[in-house]
Amino acid sequence: MEKAETPLQHVQATIAQACQIARREPGEVTLIAVSKMHPAAAIEPLLREGQRHFGENRVQEAQGKWPALREAHPAVQLHLIGQLQSNKADDAVALFDVIHSLDRPSLVKALGKAMDKADKRVPCFVQVDLGEEQQKGGCPVAELPALLDQARSADIPIAGLMCLPPADIEPAPFFAFLDKLARDHGLEGRSMGMSGDYETAIKLGATHVRVGTALFGARPPQD
Ligand SMILES: *Cc1c(COP(=O)(O)O)cnc(C)c1O
């Protein structure tokens, strides 16, 4: 009897299909499994299936879960996808392999210093605020060129751009705009697309999709 498809297999197949439609290679798209608020026991099955990229949105939560998981799975790549406070820059640089939420001059300064101190360069996506929603973080589009310059001066490797479009409205125009911004600035990476819209994001150029609910089910309620 054939085994039922796992959520990971389903998402991988959907990514492959979206790539085929967009005439892209599936290898161009990195699936980041967003494990925020899920315990280690929920993450382990994905690790056993071979998933290697994981996303967390809080430094402290990730510090609690990942050191042990990583010991068993040293090839794991950990992505910080949530807003980062400057005073957690050292911790973030120590723990994460990629940061998706670089969005302001004070954080460039803090991360540059933290990377110097740790002698470790962590590639960063610059998060762009395309929906003018300040509470989600993100650099205003008008300030992007200056922030990129500043990050380069601080010797922070820029992986690309990231966006988190407003909920409940059609995301495609935001994805298309992020793709254009990345192209205009000669940047490779586009971190965009979540459970509800990663196919659309891939068709519009996403290189990193951040998928939580479609892999883990609904997140446990926050306290
Ligand atoms: C939680 C989160 C995701 C994943 O959202 P899902 O809808 O569960 O796939 C992606 N990106 C960011 C920045 C997030 O905070």
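Placed above this text is the structure.
As the structure is a prediction and not an experimental result, all values here were calculated from the model.

A. Layout of the overall build of the chain. The helix and strand inventory of the chain stands at 9 helices and 9 strands. What you see for the chain is a C-alpha radius of gyration of 17 Å, in line with the 17 Å of a compact globule of 223 residues. With the C-alpha coordinates of the chain rotated into their principal frame, the extents come out at 60 × 40 × 35 Å. Counting all 223 residues of the chain, 48% fall into the buried class. Sequence separation of at least 24 residues holds for 59% of the intrachain contacts in the chain that already meet a minimum separation of 6.

B. Examining the site of the ligand more closely. As a structural note, the neighbourhood of the ligand is formed by Val34, Lys36, Ile81, Met162, Leu164, Met194, Ser195, Arg210, Val211, Gly212, Thr213 and Arg219. One of the side-chain N or O atoms of Ser195 is found 2.5 Å from an oxygen atom in the ligand. Contact distances for the ligand include 2.8 Å between an oxygen atom and a side-chain N or O atom of Arg219. Protein coverage of the free-state accessible area of the ligand, which is 390 Å², stands at 89%. For the shell around the ligand, a count of residues per class yields 6 nonpolar, 3 polar and 3 charged.

C. Structural detail: the packing of aromatic side chains. For the structure on display, the rule yields 1 aromatic pair. Centroid distance Phe54 to Trp66: 5.0 Å. Interplanar angle 45°. Geometry classified as tilted. Of the two residues, Phe54 is situated in strand β2 (residues 53-56) and Trp66 in helix α3 (residues 59-72); the sequence distance between them amounts to 12 residues. According to the relative accessible area criterion, Phe54 is buried, its value standing at 0%. On the basis of relative accessible area, Trp66 is assigned to the buried category, the value being 0%.

D. Representation of helix α6 (residues 144-153) in the model. Residues of α6 that are buried include every one of Leu144, Leu147, Leu148 and Ala151, and no others. Projected onto a plane normal to the axis of α6, the buried residues spread over an arc of 100° and lie on a single side. Across from the buried face of α6, at angles greater than 90 degrees, the exposed residues are Ala146 and Ser153. Packing partners of the buried residues in α6 comprise β4 (98-102), α5 (105-118), β5 (124-129), β6 (139-140), β7 (158-162) and α7 (172-184).

E. Representation of the pattern of salt bridges in the model. For the structure shown, the criterion picks out 10 salt bridges. Among the salt bridges present, the one from Asp103 reaches Arg104, with a minimum N-O distance of 2.8 Å. On the accessibility criterion, Arg104 (26% relative accessible area) is partly exposed. Three or more residues are tied together by salt bridges with common partners; here these are Glu56, Glu61 and Lys65.

F. Fine view of unusual backbone geometry. In the Ramachandran plot, Asp155 falls in the positive-phi region, its phi being about 65° despite a non-glycine side chain. Mapped onto the secondary structure, Asp155 falls in the loop between α6 and β7. Look at Asp168: it is not a glycine, yet its phi comes out positive at around 65°. As for its placement among the helices and strands, Asp168 is situated in the loop between β7 and α7.

G. Focus on the nonpolar core. Grouped together as the largest cluster of nonpolar side chains are 62 residues, with contacts concentrated most on Phe54, Leu102 and Leu111. Among the elements that line this core, the one with the most residues is α5, at 6 residues. Those residues in contact with Phe54 that lie beyond four places of it in its chain are Ile32, Ala33, Ser35, Ile43, Leu46, Leu47, Trp66, Val76, Gln77, Leu78, His79 and Phe216.

H. Fine view of α3. In this model, α3 (14 residues) spans 20 Å end to end at C-alpha, consistent with the 20 Å of a helix rising 1.5 Å per residue. Helix geometry: α3 is bent most strongly at Trp66, by close to 40°, with proline Pro67 lying one to four residues after it. When α3 is considered as a whole, its buried residues turn out to be Val59, Ala62, Lys65, Trp66, Leu69 and Arg70. Where α3 is buried, its residues contact α2 (40-48), β2, β3 (77-80) and α4 (89-95).

I. Molecular detail of the side chain of His79. For His79, the location among the structural elements is in strand β3. Judged by its relative accessible area of 1%, His79 is buried. Of the polar contacts made by the side chain of His79, one reaches the side chain of His53; its length is 2.8 Å. Other than its neighbours up to four places away in sequence, His79 contacts Ile32, His53, Phe54, Gly55, Glu56, Phe96, Val98, His100 and His208.

About the criteria used
- Residues numbered from 1 in each chain as written.
- Predicted model: local features only at pLDDT ≥ 70, side-chain atom pairs only at ≥ 80, totals over all residues.
- Heavy atoms only, no water.
- Helix = DSSP H or I, 4+ residues; strand = E, 2+ residues; numbered from the N terminus.
- Rg over C-alpha atoms; globule rule 2.2 N^0.38 Å.
- Buried < 20%, exposed > 50% of the residue type's maximum accessible area, 1.4 Å probe, protein only.
- Contact = heavy atoms within 4.5 Å.
- Near = heavy atom within 4 Å.
- Polar contact = N/O pair within 3.5 Å; in protein donor to acceptor, adjacent residues only side chain to side chain.
- Areas by Shrake-Rupley, 256 points an atom, 1.4 Å probe, with all protein chains shown as cover.
- Nonpolar A, V, L, I, M, F, W, Y, C, P; charged D, E, K, R; others polar.
- Phe/Tyr/Trp six-rings, centres within 6.5 Å; stacked < 30°, edge-to-face > 60°.
- Arc of directions from axis to C-beta.
- Salt bridge = Lys/Arg side-chain N within 4 Å of Asp/Glu carboxyl O.
- Core = buried A, V, L, I, M, F, W, Y, C linked by side-chain atoms within 4.5 Å.
- Expected span 1.5 Å × (residues − 1).
- Bend = angle between axes of the 7 residues up to and from the residue.

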